[in-house]
Amino acid sequence: MSYEFLQHYWCFIVSLLGALLVFLLFVQGANSVARSLGQTEEGRRLVYNSTGRKWEFTFTTLVTFGGAFFASFPLFYSTSFGGAYWLWMIILFTFVLQAVSYEFQNKIGNILGPKTFQFFLTLNGIVGPLLLGGAVATFFEGSNFIVEKNNLINPEALTPIISRWANASHGLDALLNPWVLVLGFAVVFLARVLGILYVTNNVNDEDIRSRVPSRLMGAAVPFLVLFVAYLVHVLLKDGFAYNEEGVIFMEPYKYLNNFIDMWYLLIILIIGIILVLWGIATEILRGSKFFTHHSSLFTFSGIWPAGIGTVLTVLALLLSCAWNNTAYYPSTADLQSSLTLENSCSSEFTLTTMFWVSLLVPFVLAYIVYAWRAIDAKKLDKEELKTDHAY
């Protein structure tokens, strides 16, 4: 295993975790539309009980994503999580609010009332995906930071800090870029699409299911418009490339060239988009004459093709901004401070050691699948709200 292979391998692992995180945002998406899906108190509680069984998966994946980045690409971790800390602190704060809200919204002695905590769940359902999508957009749009590795050995340096943010906003300035907001809101509506599909598959309630087609259409249309707009923007924009000496430069149509050079990523992207559309169409057309005559095309619930398609699409996009001599975390303040796989990774020894540890990941995934199936063995209904495990 060469050092270059290990760098690309861990880029793949981190990107896969990021793609899984975007899929698991269906928890946030469902919470953000809980009031429109379940228009009664019982209906809303069914939605919250459905997502309440899965929120730990999302939060754990978010933490694992950050941990994998820290171990494999520590300079990115210190630059983004340390420099853009306001952005990440808001994300983490809303996720903490989510965890607290699930447990306390219907607890005896709750002086704030259930609606307060339900508002916090809605807040996390919007702000979480928006800022996470915005953070992903900075991989293509760039961030305002400066890296000065000489500070470690320069006795005249005031502090041995390698990287620093170039302004006092510490990450919030990214939201001033309209394209960052475009992808951020695309992720918000994607999370809603996935959340509606998941609730449809997980909750046995005709009142909720009767609203699914209209609510799903209301989330799918803006998602598709925003996503297609951002995808076209990325394919046509100049990208951040680097040569054999590590010099960063702007290359016209860089990300389009990446998909052409790495044709397998283009295939993964196309398959992913098709699966997402298939999952959406499954639920919108369910019950129609077309569905009746072509039921063999819609064997599975829409959440599974849409979920797999989301993972494949996000994985292809994330790899396209890092592989093929591309700076995956570009700097708009100082082009040469941009981070690449080569200049931001851990030592070869660390990456090698973690490689062998990563071979245990399939066993962890197998346990997750087992736990998921056990939790979803029975669809939720209103009788579930009478049990001790109801949120």
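Residues numbered from 1 in each chain as written. Predicted model: local features only at pLDDT ≥ 70, side-chain atom pairs only at ≥ 80, totals over all residues. Heavy atoms only, no water.

1. As for unusual backbone geometry
Line of reasoning, step 1. At histidine 170, a residue that is not glycine, the phi angle is positive and equals roughly 50°.
Line of reasoning, step 2. Within the element layout of this structure, histidine 170 appears in the loop between strand 2 (163-165) and helix 9 (178-202).
Line of reasoning, step 3. A positive phi is found at asparagine 325, a non-glycine position, where the angle reads about 55°.
Line of reasoning, step 4. The exposure class assigned to asparagine 325 is partly exposed, which follows from its relative accessible area of 37%. (Helix = DSSP H or I, 4+ residues; strand = E, 2+ residues; numbered from the N terminus. Buried < 20%, exposed > 50% of the residue type's maximum accessible area, 1.4 Å probe, protein only.)

2. Some points on the confidence of the model for the protein
Line of reasoning, step 1. Per-residue pLDDT for the protein has a mean of 86; in total, 91% of the residues score no lower than 70.
Line of reasoning, step 2. Least confident of the elements in the protein is helix 13 (residues 289-293), whose mean pLDDT is 55; most confident is helix 11 (residues 254-261), at 95. (pLDDT = per-residue confidence, 0-100.)

3. Quick word on the pattern of salt bridges
Line of reasoning, step 1. Enumeration over the complete set of coordinates arrives at 3 salt bridges.
Line of reasoning, step 2. Residue arginine 44 is joined to glutamate 41 by a salt bridge in which the shortest nitrogen-to-oxygen separation is 3.1 Å. In this pair, arginine 44 and glutamate 41 both sit in helix 4 (residues 41-52), 3 residues apart, roughly one turn of the helix.
Line of reasoning, step 3. What makes arginine 44 buried here is its relative accessible area of 10%.
Line of reasoning, step 4. In this structure, aspartate 207 and arginine 211 form a salt bridge, with 3.0 Å as the shortest nitrogen-oxygen distance. Note that aspartate 207 and arginine 211 are positioned in helix 10 (residues 206-236) at a spacing of 4 residues, about one turn of the helix.
Line of reasoning, step 5. With a relative accessible area of 32%, aspartate 207 lands in the partly exposed category.
Line of reasoning, step 6. Judged by its relative accessible area of 14%, arginine 211 is buried. (Salt bridge = Lys/Arg side-chain N within 4 Å of Asp/Glu carboxyl O.)

4. Describing the nonpolar core
Line of reasoning, step 1. The biggest cluster of nonpolar side chains holds 107 residues, and the ones touching the most others in it are Phe73, Phe76 and Tyr328.
Line of reasoning, step 2. Sort the elements by how many residues they give to this core and helix 9 lands first, with 13 residues.
Line of reasoning, step 3. When near neighbours in sequence (up to four residues on either side) are disregarded, phenylalanine 76 contacts Phe69, Phe81, Phe139, Tyr328, Tyr329, Leu339 and Ser344. (Core = buried A, V, L, I, M, F, W, Y, C linked by side-chain atoms within 4.5 Å. Contact = heavy atoms within 4.5 Å.)

5. With respect to the pairing of strand 4 (residues 248-251)
Along any regular strand, the residues point their side chains to alternate faces of the sheet.
Line of reasoning, step 1. Sheet topology note: the strand 3 (residues 239-242)/strand 4 ladder contains 4 bridges and is antiparallel. For alanine 241, the partnering residue across the bridge sits in strand 4 and is phenylalanine 249.
Line of reasoning, step 2. Where strand 3 folds back on strand 4, the antiparallel hairpin that results is connected by 5 residues, among which glycine 246 adopts a positive phi of roughly 85°. (Pairing = 2+ DSSP bridges.)

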